Amino acid sequence: MPLPPLSTIPPEVVSLDDYEALARERVEESAWAYLSGGAGDELTLRENRVAFERLKLSPRILRDLSGANTRLELFGRSYAHPIFVAPTAFHRLFHPEGERATVLGASVMEACLTVSTSAGVPLEEISTSATVPPWFQLYVQADRGFTAELVKRVEAAGYAALVVTVDAPLHGLRNREQRACFRLPPGIEAVNLRGMKSLPPAEGVFGTPLLETAPTWKDLAWLRSLTTLPVILKGVLDPEDARIAAAEGFAGIVVSNHGGRTLDTVPAAIEVLPQIAEAVAGQVPLLMDGGIRRGTDVLKALALGADAVMVGRPVLHGLAAAGATGVAHVLKILRTELEIAMALTGRPTLSSVDRTVIANP
Ligand SMILES: Cc1cc2nc3c(=O)[nH]c(=O)nc-3n(C[C@H](O)[C@H](O)[C@H](O)COP(=O)(O)O)c2cc1C
Ligand SMILES: CC(C)CC(=O)C(=O)O
């Protein structure tokens, strides 16, 4: 699929917030509630932004910026920059090509895409189109046999890592989504889960098969034994959990509150990141997501202990607004903003970014 020219995007669209406004005009009301909404009163959703806004940067002058670059090594691979695409479900809600367009846009910007368990396109098709080997986000399913087969498919399709999401054994109560009566439209489904034995429908929460089959640390150890891929835990917010994850031998951690979509009133990921960095003390790489909308946010996350960041909703805004071109443009804006922020804080490389980038750390 050829990438349409950037000229299809109005010239006044210059920031990720501009993309959000453009996407809003193009996405049906209830799908917009699914994309944008958070759990409960959306306090955590809001906090993910507010916490970044509170942090201030300290500019540095007259430093040597020659040879500046954003390269990093992660899990034995080299990446051009630390802006990764977070796993998000059902891209075909936002563009007819769905994940086929997303992977193309990410590839143009040399960005690593994490493909959701609930993607609407076969996982093999997505990885075939990627120039950077993608990561696969896994929800451990009640049908463990199916889960094991899925991991084998992911390995065979050339994925570079497994990101196991552990903060959502059940859906958060997303009132905005409920009020909008969001339902998946016909024709959009989690195609990679076809053939799986699903749980019988149940009333309530406690005492239902959903909780009886929810994964535990033991299941995660089993999962690690199935694969040679690096296994990364996504959805860690508590320093003690981070310490356990590092001690158990997980390859990495994504500090995340699922974009404020699971448990409301938990802290912003950027707020707990320093404590988690302290708890794991460099034993494993850390990623973070939630609320990244500017290159300055990326820099703040790197300063507070992240090796890389993930971006969720803005990529879907780009996709809804302009397909693959929109995805590429969103990532380009963010990457350019990061480079400017690094230059103006006197940091030519990611390894030169430390806590002193933050004013009054
Ligand atoms: C529409 C939508 C769907 C999502 N689907 C998934 C998913 O399938 N698996 C997952 O681990 N996280 C999922 N997430 C959470 C993201 O991976 C990520 O944690 C979050 O979007 C980051 O916050 P941000 O949107 O502010 O960047 C989803 C988020 C959104 C907005
Ligand atoms: C299919 C859902 C479980 C995807 C998800 O994690 C989300 O919507 O936040």
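Cut-offs applied
Residues numbered from 1 in each chain as written. Chains lettered and ligands numbered in written order. Predicted model: local features only at pLDDT ≥ 70, side-chain atom pairs only at ≥ 80, totals over all residues. Heavy atoms only, no water. UniProt positions renumbered as here; feature names shortened; annotations may be inferred. Axes fitted to C-alpha atoms, helices over the stretch in contact; angles between N-to-C directions. Helix = DSSP H or I, 4+ residues; strand = E, 2+ residues; numbered from the N terminus. Parallel < 35°, antiparallel > 145°, perpendicular 65-115°, else oblique. Contact = heavy atoms within 4.5 Å. Nonpolar A, V, L, I, M, F, W, Y, C, P; charged D, E, K, R; others polar. Near = heavy atom within 4 Å. Polar contact = N/O pair within 3.5 Å; in protein donor to acceptor, adjacent residues only side chain to side chain. Areas by Shrake-Rupley, 256 points an atom, 1.4 Å probe, with all protein chains shown as cover. pLDDT = per-residue confidence, 0-100. Core = buried A, V, L, I, M, F, W, Y, C linked by side-chain atoms within 4.5 Å. Buried < 20%, exposed > 50% of the residue type's maximum accessible area, 1.4 Å probe, protein only.

Per an unreviewed UniProt entry, the recorded name for the protein chain is Alpha-hydroxy acid oxidase, and the organism is Luteolibacter soli. Taken from UniProt, the Cofactor (unreviewed entry) comment for the protein chain reads in full: "FMN".

Engineer: Describe the packing of helix 4 (residues 99-108) against helix 13 (residues 313-344), and please don't skip the residues or the numbers.
Structural biologist: Packing of helix 4 against helix 13 leaves a shortest axis separation of 6 Å and a crossing angle of 25°. Overall, the two elements helix 4 and helix 13 adopt an arrangement that is roughly parallel. Contacts between helix 4 and helix 13 involve A101, T102, L104, G105, A106 and V108 from the first element and V315, L319, G323, A324, V327, A328 and L331 from the second. Looking at side-chain class alone, the contact of helix 4 with helix 13 contains ten nonpolar, three polar and no charged residues.

Engineer: Lay out the site of ligand 1 with the relevant residues and their values.
Structural biologist: Contacts to ligand 1 come from 23 residues, most closely from P87, S116, T165, D289 and G312. Interatomic distance of 2.7 Å between a side-chain N/O atom of S116 and an oxygen atom of ligand 1. G312 places a polar main-chain atom, nitrogen or oxygen, 2.9 Å from an oxygen atom of ligand 1. When ligand 1 is considered free in solution it has 610 Å² of accessible area, and contact with the protein chains removes 98% of it. Among the elements of the structure, helix 2 (29-36) and helix 13 are those that each provide at least two residues to the shell around ligand 1. A class-by-class count of the residues in the shell around ligand 1 yields eight nonpolar, ten polar and five charged.

Engineer: An account of the confidence of the model for the protein chain is needed here, citing residue identities and associated values.
Structural biologist: Overall, the predicted model of the protein chain reaches an average pLDDT of 97, with 98% of residues at or above 70. Across the predicted assembly, pTM comes out at 0.98 and ipTM at 0.99.

Engineer: Residue-level account of the nonpolar core, with values.
Structural biologist: Judged by nonpolar contacts, the single largest core of 119 residues is most densely connected at F94, W135 and M288. With 16 residues, helix 13 is the largest single contributor of residues to this core.

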